[in-house]
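Next come the chains, spelled out residue by residue.
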Amino acid sequence: MEELEKKIGYHFKDINLLRTALTHSSYANEKHNDACRCYERLEFLGDSVLELVTAEFLYNYKPSLPEGSMTRLRAELVCEGSLHKTALALGLGSYMLLGKGEEKSGGRERPSILADMVEAIIAAMYLDSGYEQAKKFIMDNILSGAEISANHRTGDYKTELQELVQKKHDQHISYELISETGPDHNKTFSFRVSVNGTAVGEGSGRTKKEAEQMAAMRALEELRK
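For clarity, every value in this text was computed on a predicted model and none was experimentally measured. (Residues numbered from 1 in each chain as written. Predicted model: local features only at pLDDT ≥ 70, side-chain atom pairs only at ≥ 80, totals over all residues. Heavy atoms only, no water.)

**Student:** Help me understand the packing of helix α4 (residues 40–61) against helix α8 (residues 111–129), please; the structure alone is not making it clear to me.
**Tutor:** For any two helices packed against each other, one specifies the crossing angle of their axes together with the interaxial distance. Relative to each other, α4 and α8 sit at 80 degrees, their axes nearing to 7 Å. With respect to α8, the axis of α4 lies roughly perpendicular. Listed contacts from α8 to L42, E43, L45, G46, D47, V49 and L50 of α4 are D116, E119, A120, I122, A123, A124, Y126 and L127. Considering only residue class, the contact of α4 with α8 consists of ten nonpolar, one polar and four charged. (Axes fitted to C-alpha atoms, helices over the stretch in contact; angles between N-to-C directions. Helix = DSSP H or I, 4+ residues; strand = E, 2+ residues; numbered from the N terminus. Parallel < 35°, antiparallel > 145°, perpendicular 65-115°, else oblique. Contact = heavy atoms within 4.5 Å. Nonpolar A, V, L, I, M, F, W, Y, C, P; charged D, E, K, R; others polar.)

And the structure:
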């Protein structure tokens, strides 16, 4: 715990909050102990804190951005892929508390779990010291490299992909739901987009619409290489 505190640059007053943020439900279920709780409730709170900080960042960073563009940018900045990168940079996988089954199935490297734990740590900081400390962590570890330049693409990625593909005749786009994880109140959806049956991009999001947009964005990146 002390080693991880050094990495995240924060010392917890209540270390149990950090421990809970690192505890997967599989571990908590194996212990059969009411005192051992998993990160899911913290993740739910952390997701809201993260979205608020990101919305504030976008509102102040680029005053000319319209609401629709800010919504899409927020989804891009706090998507599973972004949080997964943060988790890898902090080495969160080595600090997780996993059940034996989840350990064997590769849970320590699973992007969705790592991303969830980043949000749980945000909530743990928020509960331990308040909004400003959680905001500092988010700015330093998630939004520090965010650059919104004049040519940053903030459009409707699905429409943009459709227009690109339609330049050629007989091209068909399809979106497929490939996974649905998390509790009912806070699910993560993953979609795959294909052109004429060939997969060209995958993306995740808190809603099906957001996940489709992220998949379309990845497809645009791939097709423009």
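Let's pick the thread back up.
**Student:** I would appreciate a short explanation of the pairing of strand β2 (residues 188–195) in the present structure.
**Tutor:** When a strand is regular, its side chains alternate between the sheet's two faces. Judged by how many residues are buried, β2 sits mostly within the fold: seven of eight residues are covered. Here strand β1 (residues 173–181) runs beside β2; their pairing, made up of eight bridges, is antiparallel. Within β2, the position partnered with E176 by the bridge is R192. Where β1 folds back onto β2 in an antiparallel hairpin, the turn is made up of six residues, including G182, whose phi is positive at roughly 95 degrees. As paired elements, β2 and strand β3 (residues 198–205) share seven bridges and run antiparallel to each other. In the sheet register, F189 faces β3, and the bridge partner there is G205. The hairpin formed by β2 and β3 contains two residues between the paired strands, and N196 there has a positive phi angle of roughly 55 degrees. (Buried < 20%, exposed > 50% of the residue type's maximum accessible area, 1.4 Å probe, protein only. Pairing = 2+ DSSP bridges.)

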